Every structure is written in C-alpha cells, then in structure tokens.
Amino acid sequence: MLKEEFENNLDLIKSGQNFLGILNDIKRRPEDAARELGVPINEINAIISGKKAISSELVGKAVKVWPVNQRDFYIIHDDCPLGVKIMTSEDSKKSSRIMERAGKPYYEYRDTAMSSVAPFRPEWIMELCYADDNDPSNPLAQWNNGHFMHQFTYFIGEVNFYYRTPSGEKKVAIMNTGDSMYITPFVAHTFTTRSEAKQNGLILALTYGSKLTGDIQQELSALSTDLGAEFALDFSSRQKAISSLLRYHVEAANLSLEELSRRTGIQKADLDEFEKGAKTPTNMEIEKIAHALNVNIRDLLPSDKIEDKVIVKHNSEGRKWAYPESTKAYQFVELASTTALPYSKAFEVYVQNANSPDLDLRAGLHQYLYNVGETGVTISWEIEGKTHHQMINPGDSAYVKPFVRHNFRGQGKLLILRIGGKIAGDSQHELSFVGKENAKRAIAETMQWFDPQSKS
C-alpha cells in the first residue's frame, strides 16, 4: 500500500508540473486559466502544486478553450520508481495463454518484464506446432500479417523461422539456441518447432516501438493517411535516399534550383540530377548544400548502408569480448542488430563470478534482461543514493531504466536488449542544445515563465 501511495503522490507532482508547463507554453497565468476554465484559482494552484489530480471534466473544458490535445494533460505512469522492475518466472507462468491458428494450438504466450516507461513489449513464446520439414511453404506453418513493432528474437531450442522478403518470396532460417534475428515492422513471419526436436522450441520475442509510436503516430494520424504517408521517403538505395532528402528540404525552404545554385556554386544541371536521383553528390557538395539550406549535414544523409528487412545472426557469428578490462566480470556476445536503429543493442552476457562490488554497468538506453542460464545471478543497483540487491533466477526477467548504475554478480547467462526509445538521437541532440540545467525544467517545469514581482 505504501508503494502504491508513493507512486500516486509522484504522479500527482509530475502531473502538476506538466500542467504548469502547458500554461507556460500557451502563456496563461494560473488566474487566467481559472477564469477561462471557470474554476476557482485555488483549484488551479492545487493541481500545479501536486495536491489534486486534474479532472477529466477540466481537461474537456481546456481542449475546447485552448489549442491543446487531451493527451497533453496525461503523463506516463512510472511503475518503476526504484529504477529496476523484476518479473519472476512464476509470475510469468501465471500469464500463460494458448493461441490457436487454423483451429489448432500454435503458440503458448507468457508475459515477461514490462514497464509503462519502457518502449518494448517482450514475450516468451513456445512453438507448439512441429514442422515435418524445412520447406518455407510447409502448410503447417501459419503466417501472420506482420505488425507495427520492430522485433528482436532470441531462439532457444530447435526452431524454424519463416519470413517473406519484400518481393513476397517465402524463406526459412534454421535457428538454434543462442541464434537471433531482427525484422522491420510489417514483415510477415511465423515460427515452428522442428520435427526432430526433443522438446518444444522457444523464442523470446521482444517487440518495441522506436520513434513512430505515441505522439508521432498520433500526429501522422491527425494529418490523414495520405498526407502522413508522404513523410515516408524512398530509402530503397543510398542514391534515392539522398535525392528524397534533398528534395524534401528544398521544398521546405521554397528555394528554386537557380537560387540554390547561386548559394552553393554548384551547377543547376547537377542539382537537378541530384534531385532526380540520377547522380549522387560528393561529400563536399552535400556540405555546401546543407550550408545553403541551413540544415545539418546529417539531415541530408541516409543510413550508411541499406540493410535487409530481415537480419539473421547465428550465435557462432557474434563477436565476443570481456568487460570491463580491469576485472573481466562479463563476457559479451553480440547478437542481431541493424544500423537503421543505432540505439538498439542486443547481447548474450556471461556473468563471470567477479568479486568487485563496483557498479560497473551503465547505459543511456532502456534495458530488458532475461535469465536464459541455469543459475541465478544477483543484480545490484543504485538510485537516489540508495543501493538495492535482488536475485534474478532462471526464467526471471527485468527492466532497468536508462543511466541506472548496476552490476551482475554470481555465475550465469543473461539475454540483454537495450533500446533508445524516443529520447536517443534527434531528441537527445535537442535536449543537449537546451543544456542540462534547462533540461531539468523541460522535464519537470517548476516555475512560471516570468516573475510578476521582478523589476529588472
């Protein structure tokens, strides 16, 4: 009960700070808000100070009076105030449900550790269907239609992974324990256990949203399907991607090719070729164009390479290294990843029974972990000056917030997936430009945008 009360009080404080931020953005003082919403000033101040929850009725009035959306007023509930959230294997079993396909049991699903503040939705999935061959067109394999989330998958046992290429061709990858794969959103796929396996195959399927979920998806939807889809540029090749990005920024700036030529010193005919994708600009030309458009060079560049929609990585292909150098407390094995999502990292981690008490791990990414070994390991972490310890047994899973210092001790094997969410990347660049002290106000507004008592 104390934990629930603490979380509710924390939510009230954050909600009040969020409400003050909205008032600042639309340049309303508390007294202005009270008058325009038809409520006493005491109610507005109570909401701002975190003593009272904002009611749905008040939010309804606000969206009619002000150019704001309902969801602007509702904060994400933090169900992980201690920085780490653990789900035991026993609790995972309680969430078991059987999914049928073609009238027969096909998968057993179980939840693993999830958090309201984390971008991933990880599931334990047992393959109940046994395929009698490795033919990608095996009729026993029941395909899905693909889904919106990115997916990283870790394999345990003898599993066939079926997927469709962009051209519609069916393929199958023969996967074993420790193998992994990544697929982009909407790739149709399915999994089965191989017929010679002694027990059902198992996957840890970690689906996650990157930048397109939440507010971004809502904005795209508000624009309409056709207009929103225009933001999806042609990234099928590097040359087409540069062409699409250049055309997008030239249109946004309303620059004619004649004017762009004058600003860059590049011939108009060459600029026309760049826009059409018939010719690729040099690095120097890209730098000149970026300067002329007043954008960063990276805004005109796609990913370094165009990768497949499906990336399969067998465990033997993963690079291995010890970390940290001083104690070699862990051995990392690199799993499937894509350069298209540079803030997504996946590893097998062997905990090597080190004696050092140092909290030797820290990552500015959301972190999911699952004990895939046969022995328990202890996680220790620090938050707000306090150190916590908890055992993670085989089959247990956990979520760790970004930047929480922690370690693992004992001897065991973990699967770890790290995701940047919506903050890493462009949002991080913008927050860094604002600066650390001002960033604290951007996260939790604590003052009105002007001081009415100020005389200077």
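From a predicted model like this one, the values you see are computed outputs, not experimental measurements. (Residues numbered from 1 in each chain as written. Predicted model: local features only at pLDDT ≥ 70, side-chain atom pairs only at ≥ 80, totals over all residues. Heavy atoms only, no water.)

Q: Describe the packing of aromatic side chains, with residues and values.
A: Scanning all chains against the criterion turns up 16 aromatic pairs. Ring centres of W321 and F332 lie 5.7 Å apart, and the angle between their planes is 10°; this geometry places the pair in the stacked category. Pair noted here: W321 is in strand β13 (residues 320–323) and F332 is in strand β14 (residues 330–334), with a separation of eleven residues, a long-range link. Overall, W321 belongs to the partly exposed group, its relative accessible area being 33%. Overall, the relative accessible area of 5% leaves F332 in the buried class. A connected cluster of aromatic rings, assembled from ring pairs, spans W321, Y323, Y330, F332 and F347. Over the ring of W124 we find R110; its NZ or CZ atom is 3.9 Å from the centre of that ring. Over the face of the ring belonging to W143 we find R164, whose NZ or CZ atom lies 4.5 Å from the ring centre. (Phe/Tyr/Trp six-rings, centres within 6.5 Å; stacked < 30°, edge-to-face > 60°. Helix = DSSP H or I, 4+ residues; strand = E, 2+ residues; numbered from the N terminus. Buried < 20%, exposed > 50% of the residue type's maximum accessible area, 1.4 Å probe, protein only. Lys NZ or Arg CZ within 6 Å of the ring centre and 35° of its normal.)

Q: Any details on the pairing of strand β17 (residues 377–383)? Residues and values, ideally.
A: Within β17, five of the seven residues are buried, which leaves it mostly tucked inside the rest of the structure. As defined by bridge partners, β17 adjoins strand β18 (residues 386–392) across seven bridges and the pair is classed as antiparallel. When the bridges of β18 are listed, V377 appears paired with I392. Between β17 and β18, which pair antiparallel in sequence order, lie two residues; one of them, E384, sits at a positive phi of approximately 50°. Sheet topology note: the β17/strand β20 (residues 405–419) ladder contains six bridges and is antiparallel. If you follow W381 over to β20, its bridge partner there is H406. (Pairing = 2+ DSSP bridges.)

Q: Quick rundown of the sheet that holds strand β5 (residues 130–131)? Include the residues and the values.
A: Ordered in space as β5-β10-β7-β8, the four strands form an open sheet in which the pairing is mixed. Of all strands in the sheet, those bounded by a partner on one side alone are β5 and β8 (170–175). Bridging between strand β7 (residues 159–164) and strand β10 (residues 189–194) involves five bridges; their strand directions are antiparallel. Looking at the pairing, F161 lines up with F191 of β10.

Q: Can you break down the nonpolar core residue by residue, with the values?
A: Counting 26 residues, the largest nonpolar core has F152, L204, Y208 and L415 as its most contacted members. For this core, the secondary structure elements donating two or more residues are β4 (120–127), β6 (150–156), β11 (202–208), β16 (366–371) and β20. Looking at this core element by element, the count peaks at four residues for β11. With residues up to four places along the chain from it excluded, the contact list for L415 reads F152, Y154, L204, L206, L335, F347, Y368, L369, Y370 and V372. (Core = buried A, V, L, I, M, F, W, Y, C linked by side-chain atoms within 4.5 Å. Contact = heavy atoms within 4.5 Å.)

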